[in-house]
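Inside the fold
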Amino acid sequence: MQLGIDIGGTHTDGVLLDKNDQLINHNKLPTDYHNLADTILSSCQKLTSNSNRNNLNRLVLSTTLITNLIIKGGGHSTGLLLIPGPGLNPAWYNYSPYTKIISGSIDHRGRKVKDITEKEVKKGVANFIKQGVNNIGICGKFSTRNPSQELKIKKIIENNFPEIKNITLSHKLSGKLNYPRRIATTYLNTGVQKPHNKFISDIQTGLNKLNLEAPVYILKADGGTMPLKEAKNLPIESINSGPAASIMGILALTKPTETTLGLDIGGTTTDISLFVGQEPIFKPKGITINNYKTSVRGLYNQSIGVGGDSLIQIKDGKLKIGPQRKGSAAAFGGPAPTPTDALVYLNLTNNGDKKKATASLNPLAKKLHLSTSELAEKIITKFCSQIQTKINQILTKLNNQPVYTINKLLTDNTIQPTRLVGIGGPAKTIIPKLANRLNLKYEVPDHSAVANAVGAALARTTKECTLYADTSRSYYNIPELGIEKEITDEFNLETAKKIAQQELNSNLKNQTAEIKITNSETFNLIRGFKTTGQIIKVTAQVKPGRRRTNAN
């Protein structure tokens, strides 16, 4: 058996699947933002109350914790130690008010140009501590080619400042260069580590009390999973975990074979995704969150601040839906009218108290000189119109830029959907209306209300690593895995591919995975008229994917 739990902005959905991926049980609980761990554990307890918990093989969580912390600026103060290099001035990327650019430098081939100064590092860290900062991120411009200076600084801090508990090294987050993105990613990862680790600790404690001993995984932005132990050091990988769950849910419950729009209509937002054939659109360079361009690769998603529980108001004599949410729909005991109340009033859903929905809509109808029925119809029309406008904006933007799927750069980047798939609570009533407006075929799969949790449960573990070799200097390194080894003159591209796959497979331990080489390149080093060696770069990856469920 396997559990999938998706913590959304309004509700937390949970599913329990059997060994054949068939749905055994599911639930939907209100999300308690003040205690996410309790919400998750309550869902687990209810889902497994009639099952033998010893048969549980794994639990996968998709969580909005890190995304919300970053958007709300709720992380802890972070000191940044930046090691410069040739080219861009690191002072341009002082994301933290506590930034120190220190001496030291590595060049683009991983050669030490200038050593760091221990005295300067100690002075910089002591100054951070005086200002109340005890989380530190270290980012060297070419640390992915040679991480020795980042490691040396970490050792100096550990030996002299025991009060510093959280240290992030940029070369552990990404094997690619792109200094600005690695600085931003290092900064964000360091700031959210403490609350994230408390969340993990609470989850582990609670699961022990429930006697749930199955391994726990966190869903990442790329639609893959990572073990809880690994997640402790890489909380930034779980940004956009929720939207990734909805995309994996659509893949699990449907068979996208053409260009497809995916909509996840939640209580607070509607998430929009796109599929070309069977593959979701991907952001290989990294996700942007709260104006920070990160190196976290992820599935393409855009959100609009309208959902089933969005607040409906009259502003300047006009109807306004969202982005504010005051709580549940009035029909479910909430404080204000919402699109869900319009659905309840129009008998488009069997759930909810129609009297309460009517009472919430009547004052607005009176202000607009409409009948309650006319207002409810107007709300649904406007709700669909706002989503349609956002979809058109997304398609216009995508059709004017390079577009990638998980596997490739699309050579024909004209994205024209022919099909609409909808999931989420209001999907059964809203999707047919939207499909009609967009002139698309549509599908609302069974179990669409808990599709995100199904997607989380069935996501496979993913991992990527980058091997960089310099034959003239007789070494290669794989920064994400902390590997550096000597090589001989016979080392070549094929050897590099084989080693990258072997090392990644070894890191995944007991998990069976298909590892593919997603990028490889080599170029000669010339001095005078003579070839003196080669630079070889190889990227190996377990790509995101899911197992087919029989629940649909």
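Residues numbered from 1 in each chain as written. Predicted model: local features only at pLDDT ≥ 70, side-chain atom pairs only at ≥ 80, totals over all residues. Heavy atoms only, no water.

1. A closer look at helix α13 (residues 493-507)
Between its first and last C-alpha, α13 extends 21 Å over 15 residues, near the 21 Å set by a 1.5 Å rise per residue. Residues of α13 that are buried: Ala 496, Ile 499, Ala 500, Glu 503 and Leu 504. All buried residues of α13 fall inside an arc of 125° around its axis, so they share one side. Relative to its buried face, α13 has exposed residues pointing more than 90 degrees away, namely Glu 494 and Lys 498. Where α13 is buried, its residues touch β25 (463-470), β26 (475-478), β27 (483-486), β28 (515-527) and β29 (530-542). N-cap assignment for α13: the residue whose side-chain oxygen lies 3.2 Å from the backbone N of Glu 494 is Asn 492. (Helix = DSSP H or I, 4+ residues; strand = E, 2+ residues; numbered from the N terminus. Expected span 1.5 Å × (residues − 1). Buried < 20%, exposed > 50% of the residue type's maximum accessible area, 1.4 Å probe, protein only. Arc of directions from axis to C-beta. Contact = heavy atoms within 4.5 Å. Polar contact = N/O pair within 3.5 Å; in protein donor to acceptor, adjacent residues only side chain to side chain.)

2. Description of the sheet that holds strand β3 (residues 23-30)
Pairing in this open sheet of six strands is mixed, and the strands run β3-β2-β1-β4-β11-β12 from one edge to the other. The sheet is open, and its two borders are formed by β3 and β12 (225-227), each paired with just one other strand. Direction aside, neighbouring strands of the sheet carry axes that sit 20° apart on average. Sitting on the sheet, helix α7 (residues 241-253) touches β1 (2-7), β4 (58-62) and β11 (216-219), and the angle it makes with β4 is about 120°. (Pairing = 2+ DSSP bridges. Axes fitted to C-alpha atoms, helices over the stretch in contact; angles between N-to-C directions.)

3. Re the side chain of Thr 340
In this fold, Thr 340 is placed in helix α8 (residues 339-345). Other than its neighbours up to four places away in sequence, Thr 340 contacts Gly 308, Asp 309, Ala 329 and Phe 332.

4. Regarding unusual backbone geometry
Residue Pro 323 is reached from Gly 322 by a cis peptide bond, and omega for that bond is -5°. Here Pro 323 shows up in the loop between β21 (318-321) and α8. Of note in the backbone geometry, Asn 240 takes a positive phi value of approximately 60° without being a glycine. Assignment of secondary structure puts Asn 240 in the loop between α6 (228-231) and α7. Residue classification places Asn 240 among the buried residues on the basis of a relative accessible area of 18%. Positive phi outside glycine occurs at Asn 347, with the angle close to 60°. Its place among the elements puts Asn 347 in the loop between α8 and α9 (354-367).

5. Quick notes on the sheet that holds β25
Taken in spatial order, the five strands line up as β27-β26-β25-β29-β28 in an open sheet, and their pairing is antiparallel. Both edges of this open sheet fall to β27 and β28, since each of them pairs with a single strand only. Direction aside, the axes of adjacent strands within the sheet are offset by 10° on average. Relative to β26, β25 is paired through three bridges, and the arrangement is antiparallel. Within the sheet, the bridge partner assigned to Ala 469 lies in β26 and is Tyr 476. The sheet strands contacting α13 are β25, β26, β27, β28 and β29, and the helix crosses β29 at an angle near 35°.

6. Observations concerning the packing of α7 against helix α12 (residues 451-458)
Across the interface, α7 lies against α12 with an axial gap of 7 Å and an inter-helix angle of 85°. The angle between α7 and α12 falls in the class roughly perpendicular. Two secondary-structure elements touch here, α7 through Gly 242, Ala 245, Ser 246, Met 248, Gly 249, Ala 252 and Leu 253 and α12 through Ala 451, Asn 452, Val 454, Gly 455 and Leu 458. Partitioned by chemical class, the residues of the contact of α7 with α12 number seven nonpolar, five polar and no charged. (Parallel < 35°, antiparallel > 145°, perpendicular 65-115°, else oblique. Nonpolar A, V, L, I, M, F, W, Y, C, P; charged D, E, K, R; others polar.)

7. A few points about the pattern of salt bridges
Taken as a whole and assessed by the stated rule, the structure comprises 18 salt bridges. Residue Glu 464 is joined to Lys 176 by a salt bridge in which the shortest nitrogen-to-oxygen separation is 3.2 Å. One end of the pair, Glu 464, is in strand β25; the other, Lys 176, is in the loop between β10 (166-169) and α5 (179-209), with 288 residues separating them in the sequence. The exposure class of Glu 464 is buried, given its relative accessible area of 17%. What makes Lys 176 partly exposed here is its relative accessible area of 35%. For the salt bridge of Lys 463 with Glu 230, the shortest nitrogen-to-oxygen distance reads 3.1 Å. One end of the pair, Lys 463, is in strand β25; the other, Glu 230, is in helix α6, and 233 residues separate them in sequence. Assessed through its relative accessible area of 13%, Lys 463 is described here as buried. (Salt bridge = Lys/Arg side-chain N within 4 Å of Asp/Glu carboxyl O.)

8. Considering the pairing of strand β5 (residues 79-83)
Burial analysis of β5 places five of its five residues in the buried class, the great majority of the element. Side chains Gly 79, Leu 81 and Ile 83 of β5 all project onto a buried face; the interleaved residues Leu 80 and Leu 82 project onto the opposite face, where all are buried too. Bridge analysis of β5 against strand β6 (residues 98-101) gives four bridges, and the strand direction is parallel. Note on β6: the bridge partner recorded for Gly 79 is Tyr 98. Pairing of β5 with strand β9 (residues 135-140) involves five bridges; the strand directions are parallel. Each bridged residue has a counterpart across the sheet, and for Leu 82 the counterpart in β9 is Cys 139.

9. Looking at empty space enclosed by the protein
If you walk through the whole model with that rule in mind, you get two cavities of 30 Å³ or more. Considering the residues around the largest cavity, the lining is formed by Ile 83, Pro 84, Ile 106, Gly 140, Lys 141, Phe 142, Ser 143, Asn 146, Pro 147, Gln 149 and Glu 150. Split into classes, the residues belonging to the lining of the largest cavity amount to five nonpolar, four polar and two charged. Volume-wise, the second largest cavity comes out at about 30 Å³. As for the second largest cavity, its lining consists of Gly 308, Pro 339, Leu 343, Ile 380, Phe 383, Pro 426 and Ile 430. Those elements giving two or more residues to the lining of the second largest cavity turn out to be α8 and α10 (372-398). In terms of residue class, the lining of the second largest cavity is built from six nonpolar, one polar and no charged. (1 Å grid on protein atoms, 1.4 Å probe; cavity = no way out; pocket = protein on both sides within 12 Å on 5 of 7 lines; lining within 4 Å. Points joined across faces, edges and corners; volume = space filled by probe spheres on them.)

10. Overview of helix α11 (residues 427-438)
With 12 residues, α11 should cover 16 Å at 1.5 Å per step; its first-to-last C-alpha distance of 15 Å lies within 8% of that length. Those residues of α11 lying buried are Ala 427, Thr 429, Ile 430, Ile 431, Leu 434, Ala 435 and Leu 438. Each element contacted by the buried residues of α11 is listed here: β13 (260-265), α8, α10, β23 (419-423) and β24 (441-443). Immediately downstream of α11, the backbone of Asn 439 shows phi near 60°, a positive value.

11. With respect to the environment of Asn 505
One can find Asn 505 in helix α13. Sequence-wise, Asn 505 and Ala 540 are 35 residues apart; in three dimensions their C-alpha atoms are separated by 9.8 Å.

Read these as geometric descriptors, not functional statements.
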